[in-house]
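In case you want the letters, here they are:
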Amino acid sequence: MRYAMVIDTKKCVGCSDCVVACQTENNVPIGYCRDWITERVEGTYPKVELELRSERCNHCENAPCVRCCPTGASHIIDGGIVLVTPNECIGCGACIESCPYDARFQHPDGYVDKCTFCHHRLEKGQLPACVSVCPTKCMYFGDLDNPNSEVSQLLKARKHKTLAPEAGTKPHVYYLI
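Scoring rules and cut-offs
- Residues numbered from 1 in each chain as written.
- Predicted model: local features only at pLDDT ≥ 70, side-chain atom pairs only at ≥ 80, totals over all residues.
- Heavy atoms only, no water.
- Helix = DSSP H or I, 4+ residues; strand = E, 2+ residues; numbered from the N terminus.
- Rg over C-alpha atoms; globule rule 2.2 N^0.38 Å.
- Buried < 20%, exposed > 50% of the residue type's maximum accessible area, 1.4 Å probe, protein only.
- Contact = heavy atoms within 4.5 Å.
- Areas by Shrake-Rupley, 256 points an atom, 1.4 Å probe, with all protein chains shown as cover.
- Lys, Arg positive; Asp, Glu negative; His and termini not counted.
- Charge placed at Lys NZ, Arg CZ, Asp CG, Glu CD.
- Salt bridge = Lys/Arg side-chain N within 4 Å of Asp/Glu carboxyl O.
- Phe/Tyr/Trp six-rings, centres within 6.5 Å; stacked < 30°, edge-to-face > 60°.
- Lys NZ or Arg CZ within 6 Å of the ring centre and 35° of its normal.
- Patch = residues over 30% accessible without salt bridge, like charges linked within 9 Å, V, L, I, M, F, W, Y side chains within 5 Å.
- Pairing = 2+ DSSP bridges.

As named in an unreviewed UniProt entry, the protein chain is 4Fe-4S dicluster domain-containing protein, taken from Maribacter arenosus.

Here is the structure:
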């Protein structure tokens, strides 16, 4: 199994419900975020394109944060989810610097924190909090190795992209465009 998230940039309205759901579900300290909304504007009037998207850790197959972690606190578990074990993290910040997605932050308690795809919810058969609350249903989550999963079907049917493909990280967050 390889978990992946697919986000439809044509449906996202930038409401930040995903951000609030993540902060609430994961007790993220005020002033910090595990996910965020990005707005990209291209062109000039009258031909202007706006893209809104929810961003987070990309749970990369070739994760530089895992390779550079001196303690093994950053690691990949079954399903391809990249996690940080807080009590093993020394807070050196090497993983923060190595991430091409700027998806990690120094938690006030001294360890590095990031999106976990709500691993604790997945273990109970639930979707990540961000996916479950999205009012436009622009976020999808599932198994890339299952050709019949919704994420696999969407990636077959729609044009899509990943962020920073030149980094060679093989991210598992895809954006329908």
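A. Broad picture of the overall build of the protein chain. Looking only at helices and strands, the protein chain features 6 helices and 10 strands. Taking 2.2 N^0.38 as the reference for a compact globule, 177 residues should give roughly 16 Å; the C-alpha atoms of the protein chain span a radius of gyration of 16 Å, in line with that estimate. Seen through its principal axes, the protein chain has C-alpha atoms that stretch 50 × 40 × 35 Å. Split into buried and exposed, the 177 residues of the protein chain put 47% on the buried side. Look at the contacts in the protein chain between residues 6 or more apart in sequence, and 55% of them connect residues 24 or more apart. Working note: accessible area of the protein chain is about 9100 Å², and carbon and sulfur atoms make up 51% of it. Taking the 19 positively charged and 21 negatively charged side chains of the protein chain as two groups, their mean positions are separated by 6 Å.

B. How the structure looks around the pattern of salt bridges. The tally for this structure, following the rule as stated, stands at 11 salt bridges. Residue glutamate 61 pairs with arginine 2 through a salt bridge whose shortest N-O separation is 3.1 Å. Taken together, the residues glutamate 61 in the loop between strand E3 (47-56) and helix H2 (64-68) and arginine 2 in the segment before strand E1 (3-8) connect sequence positions 59 residues apart. The partly exposed category is assigned to glutamate 61, whose relative accessible area is 41%. Put simply, lysine 161 and glutamate 51 hold a salt bridge, and the shortest N to O gap is 3.0 Å. Placement of lysine 161 in strand E9 (residues 160-161) and of glutamate 51 in strand E3 is noted, with a sequence separation of 110 residues between them. Salt bridges sharing common partners tie together Arg40, Glu42, Glu51, Arg53, Glu55 and Lys161.

C. Summary view of the packing of aromatic side chains. For the structure shown, the criterion picks out 3 aromatic pairs. Site record: aromatic cluster; members linked through ring pairs are Tyr3, Phe117 and Phe141. The aromatic ring of tyrosine 175 is capped on one face by arginine 53, whose charged end is 5.8 Å from the ring centroid.

D. Focus on the environment of glycine 14. As for its position among the elements, glycine 14 is in the loop between E1 and helix H1 (17-25). C-alpha of glycine 14 to C-alpha of leucine 163: the two residues are 149 residues apart in sequence and 18 Å apart in space.

E. Fine view of a nonpolar patch on the surface. On the surface, Val41, Tyr45, Val48 and Leu50 cluster together into a nonpolar patch covering about 470 Å² of accessible area. Mapped onto the secondary structure, valine 41 falls in strand E2 (residues 35-44).

F. Examining the pairing of E3 more closely. Here 10 bridges tie E2 to E3, and the two strands are oriented antiparallel to one another. Its bridge partner being in E3, valine 41 is matched across the sheet by leucine 50. Here E2 folds back onto E3 in antiparallel fashion, the turn holding 2 residues.

G. Spatial organisation of the pairing of strand E8 (residues 139-143). Counting buried positions along E8 yields 5 of 5 residues, so the element is predominantly enclosed. Note that E1 and E8 share 5 bridges and pair antiparallel. Each residue of the ladder has a partner; that of tyrosine 3, found in E8, is aspartate 143.

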